[in-house]
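The residues making up each chain are set out below.
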Amino acid sequence: MPTNPNQPDVGAVRLLSRTFFHRGRVFETSHDAIELASGARLELDVIHHLGGAAVLPLFENDDVLLIRQYRHPAGQVLLEAPAGRLEPGEAPAAAAHRELREETGYQASTLTFVTKFYALPGYSTEILYCFLATGLTPGSQSLDTDEDIRTVRLPFAEARNLVYQGGIVDAKTMMTILLVDAMRHGQAAFQAKPAPDWP
């Protein structure tokens, strides 16, 4: 709702044209011309992405399992929650189960929806769905040929402190850890909730 009752709220836009100029394995990119509700027109480039799912595995002793992998755009190795992109038509929860199994070898008996958010809404359609995984059973990793991943098990409190200290800088991992921390401490503003209708 608008913050100023005397000012009309922003509204939906009208797509005037869309030209795709890149179609890759992970995303497509288009040049769009749109008209805002105010009548103003603008052009922008948009990354079209199917979205992804992230999962924070939590053991009964209060340890979490994260992964370390090199991220070329960031130019460094990052500590992250297991995650991956959705396949066409795949439900986010199914993707979370799949990525957990492939990247860590673990399977979860319970998957709790935590949140969903737009990663970069200024120029990307990507939505990330975050889950908490419990009831973990070990197994073997099943990495893709282009993945080089190491698992890191550490106490939840240490992972949370790494977020505050800048040791974890991946947004989906930071958000999931902090929201799970709020959920575990029964903060009224954040309670576990059923997953919304997808997407």
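Please refer to the structure placed before this passage.
A brief structural summary. (Residues numbered from 1 in each chain as written. Predicted model: local features only at pLDDT ≥ 70, side-chain atom pairs only at ≥ 80, totals over all residues. Heavy atoms only, no water.)

## Details of unusual backbone geometry
Positioned with a positive phi, Asp-62 is a non-glycine residue whose angle comes to about 80 degrees. Residue position: Asp-62 is located in the loop between β4 (52-57) and β5 (63-71). (Helix = DSSP H or I, 4+ residues; strand = E, 2+ residues; numbered from the N terminus.)

## Some points on the layout of surface pockets
Of the voids in this model, the largest pocket is the one considered here, and its volume is about 1400 Å³. Along the walls of the largest pocket sit 39 residues, with Val-26, His-49, Arg-71, Arg-85 and Glu-126 positioned nearest its centre. Breaking the lining of the largest pocket down by element, the ones donating at least two residues are β4, β5, β6 (76-80), β7 (83-85), α1 (92-104) and α3 (171-184). Grouping the amino acids of the lining of the largest pocket by side-chain chemistry returns 17 nonpolar, six polar and 16 charged. Of all the secondary structure elements, the ones that give two or more residues to the lining of the second largest pocket are β2 (28-35) and β3 (41-48). Residues of the lining of the second largest pocket, tallied by class, amount to five nonpolar, four polar and two charged. (1 Å grid on protein atoms, 1.4 Å probe; cavity = no way out; pocket = protein on both sides within 12 Å on 5 of 7 lines; lining within 4 Å. Points joined across faces, edges and corners; volume = space filled by probe spheres on them. Nonpolar A, V, L, I, M, F, W, Y, C, P; charged D, E, K, R; others polar.)

## Things to note about the pattern of salt bridges
For the structure shown, the criterion picks out 14 salt bridges. Here Glu-35 makes a salt bridge to Arg-41, at a shortest N to O gap of 3.2 Å. Judged by relative accessible area, Arg-41 falls into the exposed class, the value being 61%. Put simply, Arg-184 and Asp-62 hold a salt bridge, and the shortest N to O gap is 2.7 Å. Of the two residues, Arg-184 sits in helix α3 while Asp-62 sits in the loop between β4 and β5, which places them 122 residues apart along the sequence. You can call Asp-62 partly exposed: its relative accessible area is 30%. (Salt bridge = Lys/Arg side-chain N within 4 Å of Asp/Glu carboxyl O. Buried < 20%, exposed > 50% of the residue type's maximum accessible area, 1.4 Å probe, protein only.)

None of this, on its own, says anything about what the molecule does.
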